[in-house]
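Take a look at the letters that make up each chain.
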Amino acid sequence: MTNSRNAVAPTFTVQLADALKECPLIAVLRWIPPSEVESIVETLIEAGFRLIEVPLNSPEPFVSIERAARRFGSHALIGAGTVMSPEQVGRVGDAGGQIIVMPHADVAVIRAAKQQGLACFPGVATPTEGFAALGAGADGLKVFPAEAISPAVLKAWRAVFAMDIPLLPTGGISPQSMQAWVDAGASGFGTGGGLYAPGRSVAEVRERADALVAAWRATQVRLRRRSGTGKGDEPHDFWRPPLRRVGGYTRERPCNMPTRKTVYFDQLPAGSIPALVTPMLQDGAIDWKNYRGLIDWHVEAGTNGIVVMGSTGESATVSMEEHSELIRVAVEHSGGRIPIIAGTGANSTAEAIELTGYARKWGATAALSVVPYYNKPTQEGMYQHFKAIAEAVDIPVILYNVPGRTVADMSNETVLRLSDIPNIVGLKDATGDIGRGILLMRSLPDDFAVYSGDDPTAAALILLGARGNISVTANVIPDLMAMLCKAALVGDLDIVNRLSRRIAPLHQAMFIEANPIPVKWALAERGRIEANHRLPMVPLRLQTKVVLARRCATPWRRHRPLKGATRLPGEAGCMARIGRRGARSVERLIRSPTKVRQ
C-alpha cells in the first residue's frame, strides 16, 4: 500500500520474466514451519527453483516468508500461496514477499497485488475465470486443480489464450506427467506434495527437486527439437531459450552457418572404436613397443577410431603422468591416420578437468568422460560435473554411462540436459538396455552421437540409429568388428545377422572374468601383447582359460576343441564361413566408403 513498492515494480517485472524463462516451476511449501524454511529454500534454489511460495495455511507463514525473503530474495522470488484477501496481500508485502499465488480468481485480490508491485498467479478452472483474472492484471494463470482439468482440456485452452500467457498446471504434477502437459501447451508447473511435505529431510527434498527440474528441462529439449533448431521457428517467445553467442553468431543465425555444436559433432568417428588395452611388461611397466603396434594393427584392420585410457585400458591403475603420456603417444603415433579419443573420467571433477586438459593439449579428437564412480552423485551432481568439464576445456566431450562399474546411473533426462552444452556431443551407453537407448535417441538433437558400449547389443543399437560401438571385443578381432559396424551403419541386415551370430560367443568370453583380464589373454594368444596386469588385476585362472580357449578358437563354431595355439579367423576366414554371397557383400562393404544413415 505504500508508494515505495510501486517504484520497484519495473525492476521486479524483469526479474519475473527471467525466473519464468529459467525455470517456471513454483515450489509450494505447504505446512512448512519457520524452523525449516531457510534450509529447504536454500536446497530448492541450488536445484534450480526460482519461484517459491509458502501457503498461508502453514504454521506462522509470514515469519517463514520474511526469513526466506531476507536471506534469498536476490536469488528467487519468495511469496505466499492460498492468499484469500487484499489484507493478506498487504501482510505478504510487509514481510518482503514478491509473489502472490491464489486458489481462486478474486479480482480484488489480484488488483491489490498489482497495486503493490507484486506478481500474481490466480487459480482458475475455466477460460472465463482466466480472462477475468488477466483483465485484472494477473501475470499468469495457475490452472487448478490440474487433476480435474487434464492435458486435453488445457490444449483447448491454449487455442484461445495467447501464447505468451503463462499457464501453470498445479496439483498432482510429477516428472513423469510433465511431457503430456507441455505437449498440450503448459508453460510451467506448480508442485507441492510431490516436492515438500512435513517430515521430509533436506536430502529427500533435494532429490525430488532435482528430478522435477531435470524433467522440466528435458521437456524443453524435446520441444525445441520438434519446433525448430534455432532458425527462429519456435512456436512462441515464451518457450524460446535465451540467445547464446556462439562462434560470433547468435542462436538465430542463417541456416547455412554451422553451429559450434555441429563443428564438434562432425569430428566424431562412426563405426567400430575399440577401447584399447594398455600392454604391460612383467614388472608392470607400460609396454610402449606393443602399444604402438596395436595402434598400427587397428589402422590396418579398418578400425574407425580408438579409445585410449578407458576402463579397458586400466586407467585406474596408472599415474597422472602415465595417463598423459599414453594419450600423447597414441596421438603422436597415429599421425592422423585414425581418430584418438582419450578417456579422461575421474570421480573428482578437478582431476577429470586436468585429464581432459591433457587430451586437449596433445590433440586428441575427443574426450570420453565417465560418470563419477564410488561417490554416487545425484543427477544434478552429474550434470554439474560434466558441465564444469565441458566449460573448462574446449574439446568435444563424450559422456560415458556404465552403471555396472560406477553404480550411479545417469538418467536419460540428465543426458538431454547435457546435450544443450555445445561441446558435449556424444554418449557411450553401456547399459545394454536397447529400449532405453531408443527412447533417448528419439529425443536427442541430430548433432549428438550415441555409441553402444555393450558388444552383444551394439549392432542392434546401430541399426536403430547409434553412431558406432566403443568395443572390448574389437581389441581381438578388429577387422570383423569393423565389418559388423559398417554393415549396421549402411543397413545391410544380411551381413549383420551372419556376423553377429558367429561373434556372439566371443562377446560372452570377453567378460568371463573382470575386464580386461580375458581380452588381454586373448591378445597374448594372438601374439600381440603379453598378458600382464597391475594389481588388483591378476592373470586369468586356469579353469577359465579352458572355457575361453574353446570360445576363442573360432567365433564361428561353438565349443570347437582347441588344437594348438588359439587363432582367431581373419577376414579371409570370415568370408569362407559366411558363404559366397556373403563374401561378395563383405567385399562390397570394404571397398565402399562408410555413409552413416541419417
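Remember, it's a predicted structure, so these values are computed and weren't measured experimentally. Starting from 1, residues in each chain are numbered consecutively following that chain's sequence as written. Local features in this predicted model are restricted to residues of pLDDT 70 or higher, and side-chain atom pairs are both shown and tallied only at a pLDDT of 80 or more, whereas totals for entire chains, interfaces and linings draw on every residue. To get the side-chain values, all heavy atoms of the structure are used, and hydrogens and water are removed first.

A word on the overall build of the protein chain. Strands here mean DSSP runs of E at least two residues long; helices mean DSSP runs of H or I at least four residues long; both are numbered from the N terminus. A tally of regular secondary structure across the protein chain gives 24 helices and 17 strands. Relative accessible area decides the class of each residue, using a 1.4 Å probe on protein chains only: under 20% of the type maximum gives buried, over 50% gives exposed, and in between gives partly exposed. For the protein chain, the residues scored as buried account for 54% of the 598 residues in total. Here the Shrake-Rupley method, with its probe set to 1.4 Å, supplies the accessible areas, and only the displayed protein chains count as covering residues. Put simply, the protein chain shows about 24800 Å² of open surface, and 52% of that area lies on carbon and sulfur atoms.

Let us now look at the sheet that holds strand β17 (residues 468-471). Spatial strand order, β10-β17-β16-β15-β14-β13-β12-β11: eight strands in an open sheet with parallel pairing. The open sheet terminates on both sides in strands that have one partner only, identified here as β10 (271-274) and β11 (306-308). The average angle at which neighbouring strand axes cross in this sheet is 30°, direction not considered. Two strands pair under a simple rule: DSSP has to find at least two bridges between them. Orientation is described by lines fitted to C-alpha atoms, with helices fitted over the stretch in contact, and by angles between N-to-C directions that extend from 0 to 180 degrees.

The subject of this paragraph is empty space enclosed by the protein. Both site types are read off a 1 Å grid over the protein atoms alone. A 1.4 Å probe that fits but cannot get out defines a cavity, while an open set with protein on both sides within 12 Å along at least five of seven lines defines a pocket; lining residues have an atom within 4 Å of a point. Grid points are joined across faces, edges and corners, and a volume is the space filled by probe spheres set on the points. Tallied over the full model, the rule gives four cavities of 30 Å³ or more. In this model, the largest cavity occupies a volume close to 50 Å³. Every residue along the wall of the largest cavity is listed here: Asp429, Thr431, Gly432, Asp433, Ile434, Ser452, Asp454, Thr457 and Leu461. Considering only residue class, the lining of the largest cavity consists of two nonpolar, four polar and three charged. Any residue outside Ala, Val, Leu, Ile, Met, Phe, Trp, Tyr, Cys, Pro, Asp, Glu, Lys and Arg is labelled polar, Gly included; the first ten of those are nonpolar and the last four are charged.

Reading across from one edge, β6-β7-β8 is the order of the three strands in this open sheet, with parallel pairing throughout. In this open sheet, the two edge strands, each paired with only one partner strand, are β6 (123-124) and β8 (167-169). Across three bridges, strand β7 (residues 141-143) lies against β8 in parallel orientation. Bridge assignment links Leu141 to a residue of β8, and that residue is Leu167.

Here is the rule: rings of Phe, Tyr and Trp (six-membered ring for Trp) pair when centre to centre is within 6.5 Å. Planes less than 30 degrees apart are stacked, more than 60 are edge-to-face, and the remainder are tilted. Scanning the entire structure with this criterion turns up four aromatic pairs. With centroids separated by 6.1 Å and ring planes inclined at 50°, the aromatic side chains of Trp157 and Phe161 adopt a geometry described as tilted. Classification of Trp157 by relative accessible area gives buried; the value is 4%. Centroid distance Trp288 to Tyr291: 5.9 Å. Interplanar angle 85°. Geometry classified as edge-to-face. On the criterion of helical spacing, the pair formed by Trp288 and Tyr291 is a turn pair, its members being three residues apart in helix α12 (residues 288-301). Residue Trp288 is classed as partly exposed on the basis of its relative accessible area, which comes to 26%.

A separate point is helix α8 (residues 146-158). With 13 residues, α8 extends only 15 Å from end C-alpha to end C-alpha; this falls clearly short of the ideal 18 Å at 1.5 Å per step. Note on bend: the value at a residue is the angle between axes fitted to the seven residues ending there and to the seven starting there. When the local axis directions of α8 are compared, the greatest deviation, roughly 65°, occurs at Ala152. Along α8, the positions that sit buried rather than exposed are Ala146, Ile149, Leu154, Trp157 and Arg158. Any pair of residues with heavy atoms lying within 4.5 Å of one another is described as a contacting pair. Contacts made by the buried residues of α8 are with β6, α7 (127-135), β7, β8 and α9 (178-184). To estimate how far a helix should reach, multiply one less than its number of residues by 1.5 Å.

What follows concerns the pattern of salt bridges. Once their charged atoms are close, side chains differing in charge can pair, the charge on each being opposite to the other. By definition, a salt bridge exists where a carboxyl oxygen of Asp or Glu is found within 4 Å of a side-chain nitrogen of Lys or Arg. Applying the stated criterion to the full structure yields 17 salt bridges. Put simply, Glu22 and Arg50 hold a salt bridge, and the shortest N to O gap is 3.3 Å. Highlighted residues: Glu22 in helix α2 (residues 9-22) and Arg50 in the loop between α3 (34-47) and β2 (51-55), separated in sequence by 28 residues. Taking the relative accessible area as the measure of exposure, Arg50 reaches 18% and is therefore buried.

For the rest of this paragraph, the subject is the environment of Gly97. Relative to the elements of secondary structure, Gly97 occurs in the loop between α5 (86-94) and β4 (99-101). On the accessibility criterion, Gly97 (0% relative accessible area) is buried. With 18 residues separating them in the primary sequence, Gly97 and Gly79 have C-alpha atoms 4.4 Å apart.

Where α12 contacts helix α13 (residues 320-334), the axes come no closer than 10 Å and their chain directions differ by 45°. When the axes of α12 and α13 are compared, the pair comes out oblique. In terms of crossing hand, the pair formed by α12 and α13 is right-handed. Residues Trp288, Tyr291, Arg292, Ile295 and Asp296 of α12 form the contact with α13, whose participating residues are Glu325, Leu326, Val329, Ala330, His333 and Ser334. Looking at the contact of α12 with α13, its residues break down into six nonpolar, two polar and three charged. Here is the rule for angles: anything less than 35 degrees is roughly parallel, anything more than 145 is roughly antiparallel, 65 through 115 is roughly perpendicular, and the remaining ranges are oblique. We call a crossing left-handed when the near helix sits turned anticlockwise from the far one by less than a right angle, and right-handed when that turn is clockwise.

What follows is about the packing of α3 against helix α4 (residues 61-72). It is the contact of α3 with α4, at a shortest axis distance of 9 Å, that shows an interaxial angle of 40°. Relative to α4, the element α3 lies oblique. At the point where α3 passes α4, the crossing takes the right-handed sense. In this structure, α3 uses Pro34, Ser35, Val37, Glu38, Val41, Glu42 and Ile45 to contact α4, whose residues at the interface are Val63, Ser64, Arg67, Ala68, Arg71 and Phe72. Among the residues making up the contact of α3 with α4, the classes are represented as seven nonpolar, two polar and four charged.

Taken by themselves, the reported measurements are silent on function.
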